[in-house]
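The lines below spell out each chain.
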2 protein chains.
Amino acid sequence: MLHFYLPTEIVMGAECVRGSAERLVKLGKRALIVTGRRSAKLCGALDDLTSALDGAGIEYTVWDRAEPNPTIASAYECAAAARESSADFIAAIGGGSPMDTAKAAALLAAQDVAPELLFSGSYGSDALPTVFIPTTSGTGSEVTQYSILTNDAAKTKTTLSSPVMFPKLALLDPKYTRGLPRKTAVNTAIDAFSHCVESFLNKKSDALCGMLALEGCRSFSEVYEKLASDEPDDDSLGKLQYISLLGGICIAQTGTAAAHAMGYSLTYFRHIDHGRANGLLLSGFIEHTAKTHESEVQTLLGAMGLGSVSKVGDMLNRLLGERESFTAAELEEYASIASKAKNLKNCLAEPTPDEILDIYKNSLL
Amino acid sequence: MLHFYLPTEIVMGAECVRGSAERLVKLGKRALIVTGRRSAKLCGALDDLTSALDGAGIEYTVWDRAEPNPTIASAYECAAAARESSADFIAAIGGGSPMDTAKAAALLAAQDVAPELLFSGSYGSDALPTVFIPTTSGTGSEVTQYSILTNDAAKTKTTLSSPVMFPKLALLDPKYTRGLPRKTAVNTAIDAFSHCVESFLNKKSDALCGMLALEGCRSFSEVYEKLASDEPDDDSLGKLQYISLLGGICIAQTGTAAAHAMGYSLTYFRHIDHGRANGLLLSGFIEHTAKTHESEVQTLLGAMGLGSVSKVGDMLNRLLGERESFTAAELEEYASIASKAKNLKNCLAEPTPDEILDIYKNSLL
């Protein structure tokens, strides 16, 4: 069986935001721009977007209150801002957090969903159209139907998902990632790589999506040396953005798998960056999968030109540097939470609760 | 620059039509089923579709008057049938011809477009939603925004194109292609292969679309021996359908190029099947491209495991068998028509009128 659905129009390249006035006009007459406090301005994306909106005669309000690891409350707050400003569409600039906030807000501005039903998946078919402009190369959120919010009730991050939340338009210009702090560049690249890996070693993977995931993995191994040793040059930034895009397209089809399910606890309890959290667990996840799905793992390694899973571990270790320390008790709590995650079912080799604890211990102790 | 837009939801696999009741419900309460007179019934697709519609409580009318190489008049006739039956959506079953008819009709049923403006590209944003069920593996029309109609005024086939014409849903089950006459199986496979080649050797190709096109070419060389020597088995039929799907996705991004532009005359004047017409010209088109774009052609040949363009010619010749004969005067007329085709501009190496005539002569005399 093959399934593919990606209704987002993707435009990637130099100055694509300023060049998109005609595309923006189709989305409406009033926009709410959703960003964090600073980076959208510093990287030039906000200027480019407002210039395109001005050129298209579209009015806009800026809501710059998106926060890292956005909460349910912030999604409702952003939706209220969209309603108050009578926005026809939402334009989000940023990394995963403004995009996650904006995507949930696009749904909540168009229909009333009670907070207790927010993760139910039972929504109507209305959402404001959205345009997403990523300023990091990691999340792939610009081409997915997911919004990931901090869920205090479940002590983890939980995913809202609906086909109506696919962005209408994704505008990707690698120049916005030029000034990223080194840690952010590395962590987001690991996030993108983990999307490709988790989508490939996934029950829902198929010929088309698998090919895209392998291309992402192959491209990651190509750009790896630049990422590990240097400030990436513009060519490398373009490749990293392409890997992020591929990863997003892939997880939109398959969902993520165990590394994400398990990483969320590291972020929730220890405030470890999302991409880094995945990276800490990723080679353990691949090792686990190889026990029962050797051939799929070999295909993945082949695409990367690597001879063994430990080589993936070596690559990640160099990027991750010194690891945080954890106690056995912490890992037991995380394992108990992660074993309830929906995306575990996506794994080619779905880990048991004991195996989850083993992966945590092998990776983090 | 990278651009990708493919809003069609794709489902491919055994019994996917009968399994799609939930997806069909989203399209409306009344359907017009568009087919040719016989093949949709013989291959079982019509039964599967009506069974899914019945299961979903959707009423339908069957319009089985789609003809090979559909005319402008037949598109209007089909649109009138959709209006008369108050169809909320159109479901097309067939090869390229019913799909081309249905796609134009979906536009013409939702808005008034005068025949003289039919190829203008200036349409409103309305079209009936469509679901396409291909019964051949060639056209890729189930995932494109194109409808190709016979245009007597221009003595060729002309393309209607609009993003609003993308099908909402493509349902691909290789079993419908089991009983295809051998000639049809071969010609449609060549058509699909030509889509991949012409999309790759295309100014509008980019990293993402180029990868898909190369995968189509690689898959064609894999399945080639079965296609050339046998009745393809079910596994091969699945591969051929996948190549057709990839070709459709690719030309939706880039458009076709010179082999298509030049092939239309062979179909218009000599009634040579569309896929065969492309096949007769394809290696000449690649040879022409190689003169100025050696590296792109080498990449294409590399994906197919071939050492030279002449090997592509050999593969095609075996499939094509004995060639039709043409006079120099005929080819001059065809060259004069083809040199006005819009899709020539897509060619990496855009041929001059003289070069078009040369390709015709080298290929057909």
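Bear in mind the structure is a predicted one, so any value in this text is a computation, not a measurement.

### Here's the deal with the interface of chain A and chain B
At the interface, 25 residues of chain A touch 25 residues of chain B. Summed over both partners, the interface of chain A with chain B buries about 2,000 Å², with 69% contributed by carbon and sulfur atoms. Here chain A and chain B share zero salt bridges between them. Taken together, the connections running from chain A to chain B amount to seven residue pairs in polar contact (both at pLDDT 80 or more). Mapped by element, the contributors of at least two residues to the side of chain A that touches chain B are strand 1 (2-12), helix 7 (207-229) and helix 8 (234-254) of chain A. Its residues placed into classes, the side of chain A that touches chain B shows 19 nonpolar, three polar and three charged. In this sheet, strand 1 (residues 2-12) of chain B lies alongside strand 1 of chain A in antiparallel orientation, the contact comprising seven bridges.

### Observations concerning the pattern of salt bridges
Residue and element names in this part refer to chain A. For the structure shown, the criterion picks out 36 salt bridges over all chains. Between Glu 77 and Arg 65 there is a salt bridge, and its shortest N-O distance comes to 3.0 Å. Here Arg 65 lies in the loop between strand 3 (59-63) and helix 4 (72-84) and Glu 77 lies in helix 4, a separation of twelve residues in the sequence. The partly exposed category is assigned to Arg 65, whose relative accessible area is 42%. Among the salt bridges present, the one from Arg 83 reaches Asp 112, with a minimum N-O distance of 3.2 Å. Taken together, the positions of Arg 83 in helix 4 and Asp 112 in the loop between helix 5 (96-110) and strand 5 (130-134) put the pair 29 residues apart, joining distant regions of the chain. One salt-bridge network, in which partners are shared between bridges, spans Glu 15, Arg 18, Asp 48 and Lys 175.

### A look at the relation of the copies chain A and chain B
For the pair chain A and chain B, the best superposition has an RMSD of 0.0 Å and corresponds to a rotation of 180° with a translation of 0.0 Å parallel to the axis. The superposition operator between the copies reduces to a two-fold rotation axis. Residue Pro7(A) of chain A places its C-alpha closer to the rotation axis than any other residue of that unit, at 1.9 Å. Most of the interface of chain A is mirrored in chain B, where 100% of its interface residues are also at the interface.

### Section: unusual backbone geometry
Although it is not a glycine, Asn69(A) sits at a positive phi angle of roughly 45°. Tracing the backbone shows Asn69(A) in the loop between strand 3 and helix 4. A positive phi angle is found at Lys155(B), which is not glycine, with a value near 50°. Mapping Lys155(B) onto the fold places it in the loop between strand 6 (146-151) and strand 7 (156-161). Note on Lys155(B): relative accessible area 40%, which makes it partly exposed.

### Some thoughts on the sheet that holds strand 2 (residues 30-34) of chain A
Pairing is mixed across the open sheet formed by twelve strands, whose spatial order is 3(A)-2(A)-4(A)-5(A)-8(A)-1(A)-1(B)-8(B)-5(B)-4(B)-2(B)-3(B). Strand pairing shows two members of the sheet lacking a second neighbour, strand 3 of chain A together with strand 3 (59-63) of chain B, which therefore form its edges. Mean inter-strand twist for the sheet, computed between neighbouring axes without regard to direction, equals 25°. Note: strand 2 of chain A against strand 4 (residues 89-94) of chain A, four bridges, orientation parallel. Bridge pairing links Leu32(A) to Ile90(A) in strand 4 of chain A. Contacts from helix 5 of chain A reach strand 2, strand 3, strand 4 and strand 5 of chain A, with the element oriented near 165° to strand 4 of chain A. Relative to the sheet, helix 5 (residues 96-110) of chain B contacts strand 2 (30-34), strand 3, strand 4 (89-94) and strand 5 (130-134) of chain B, its axis offset from that of strand 4 of chain B by approximately 165°.

### What to know about the packing of aromatic side chains
All names here are of chain A. For the structure shown, the criterion picks out 14 aromatic pairs over all chains. The interplanar angle of 55° and the centroid separation of 6.2 Å between the aromatic rings of Phe 220 and Tyr 224 together place this pair among those described as tilted. Of this pair, Phe 220 and Tyr 224 both sit in helix 7, four residues apart, which is roughly one turn of that helix. Given the relative accessible area of 8%, Tyr 224 is considered buried. Measuring from ring centre to ring centre gives 5.1 Å for Tyr 268 and Phe 269, while their planes differ by 75°; the resulting arrangement is edge-to-face. Directly above the aromatic system of Phe 326 lies the positively charged group of Arg 270, at a separation of 4.6 Å from the ring centroid.

### Concerning helix 13 (residues 328-338) of chain A
Residues and elements named next belong to chain A. All of the buried residues in helix 13 are Glu 330, Leu 331, Tyr 334, Ala 335, Ile 337 and Ala 338. Viewed along the axis of helix 13, the buried residues span an arc of 160°, placing them on a single side of the element. Considering only its buried residues, helix 13 is in contact with strand 7 (156-161), helix 9 (258-270) and helix 14 (353-364).

### So, the domain arrangement of chain A
Residues and elements named next belong to chain A. What the domain assignment reports for chain A is domain 1 (9-176) and domain 2 (181-364). Look at where the C-alpha atoms of domain 1 and domain 2 centre, and you get two points 25 Å apart. Taken together, the contact pairs 28 residues of domain 1 with 25 residues of domain 2. In total, about 2,000 Å² of surface goes out of reach between domain 1 and domain 2, with carbon and sulfur atoms giving 60% of it. Across the domain 1-domain 2 interface, the total number found is zero salt bridges. Where domain 1 touches domain 2, the interface holds five residue pairs in polar contact (both at pLDDT 80 or more). Broken down by secondary-structure element, the contributors of at least two residues to the side of domain 1 that touches domain 2 are strand 1, strand 6 (146-151) and strand 7. Here the side of domain 1 that touches domain 2 takes four residues from strand 6, the largest share from any one element. Tallied by class, the residues present in the side of domain 1 that touches domain 2 amount to eleven nonpolar, twelve polar and five charged.

### A closer look at the side chain of His260(A)
All names here are of chain A. Summarising the element assignment, His 260 is placed in helix 9. Judged by relative accessible area, His 260 falls into the buried class, the value being 2%. With near-sequence residues (within four places) excluded, His 260 lies in contact with Asp 191, Ser 194, His 195, Glu 198, His 274, Asn 278 and Asn 343.

### A word on the environment of Asp358(A)
Residue and element names in this part refer to chain A. Residue position: Asp 358 is located in helix 14. Judged by relative accessible area, Asp 358 falls into the partly exposed class, the value being 40%. The spatial distance from the C-alpha of Asp 358 to the C-alpha of Gly 284 is 9.0 Å, given a sequence separation of 74 residues.

Quick notes on the rules
- All residue numbers refer to positions counted from 1 along the written sequence of the respective chain.
- Chain letters and ligand numbers both follow the written order, the letters beginning at A and the numbers at 1.
- Thresholds applied to this predicted model are a pLDDT of at least 70 for local features of residues and 80 or more for the giving and counting of side-chain atom pairs; totals over whole chains, interfaces and linings are not thresholded and use all residues.
- The side-chain numbers reported here are obtained from all heavy atoms of the structure, hydrogens and water having been left aside.
- Should any heavy atoms of two residues lie within 4.5 Å, those residues are considered in contact.
- We define buried area as the total accessible area lost by two parts upon association, computed with a 1.4 Å probe and summed across both.
- Whenever Lys or Arg places a side-chain nitrogen within 4 Å of a carboxyl oxygen from Asp or Glu, that contact is recorded as a salt bridge.
- Counted as a polar contact is a pair of N or O atoms within 3.5 Å, where, for protein atoms, one must be capable of donating a hydrogen and the other of accepting one, and residues adjacent in sequence contribute only when both atoms are in side chains.
- Elements are defined by DSSP. Helices are runs of H or I of four residues or more, strands are runs of E of two residues or more, and each kind is numbered from the N terminus.
- Any residue that is not Ala, Val, Leu, Ile, Met, Phe, Trp, Tyr, Cys, Pro, Asp, Glu, Lys or Arg is counted as polar, Gly included; the first ten are nonpolar and the last four charged.
- Strands qualify as paired when DSSP identifies two bridges or more between them.
- The classification of residues rests on relative accessible area computed with a 1.4 Å probe and restricted to protein chains. Under 20% of the type maximum is buried, over 50% is exposed, and intermediate values are partly exposed.
- Only residues with pLDDT of at least 70 in both copies contribute their C-alpha atoms to the least-squares superposition of the copies.
- To define axes, lines are fitted to C-alpha atoms, for helices over the stretch in contact only, and angles between the resulting N-to-C directions are given on a 0 to 180 degree scale.
- The criterion for an aromatic pair is that two Phe, Tyr or Trp rings (for Trp, the six-membered ring) have centres within 6.5 Å, with stacked assigned to planes under 30 degrees apart, edge-to-face to planes over 60 apart and tilted to the rest.
- The rule for a charge over a ring is simple: NZ of Lys or CZ of Arg within 6 Å of the ring centre, and within 35 degrees of the ring normal.
- Directions are taken from the helix axis to each C-beta atom, and the arc is the one they span.
- The split into domains, and so the bounds of each, comes from an automatic or database assignment of domains.

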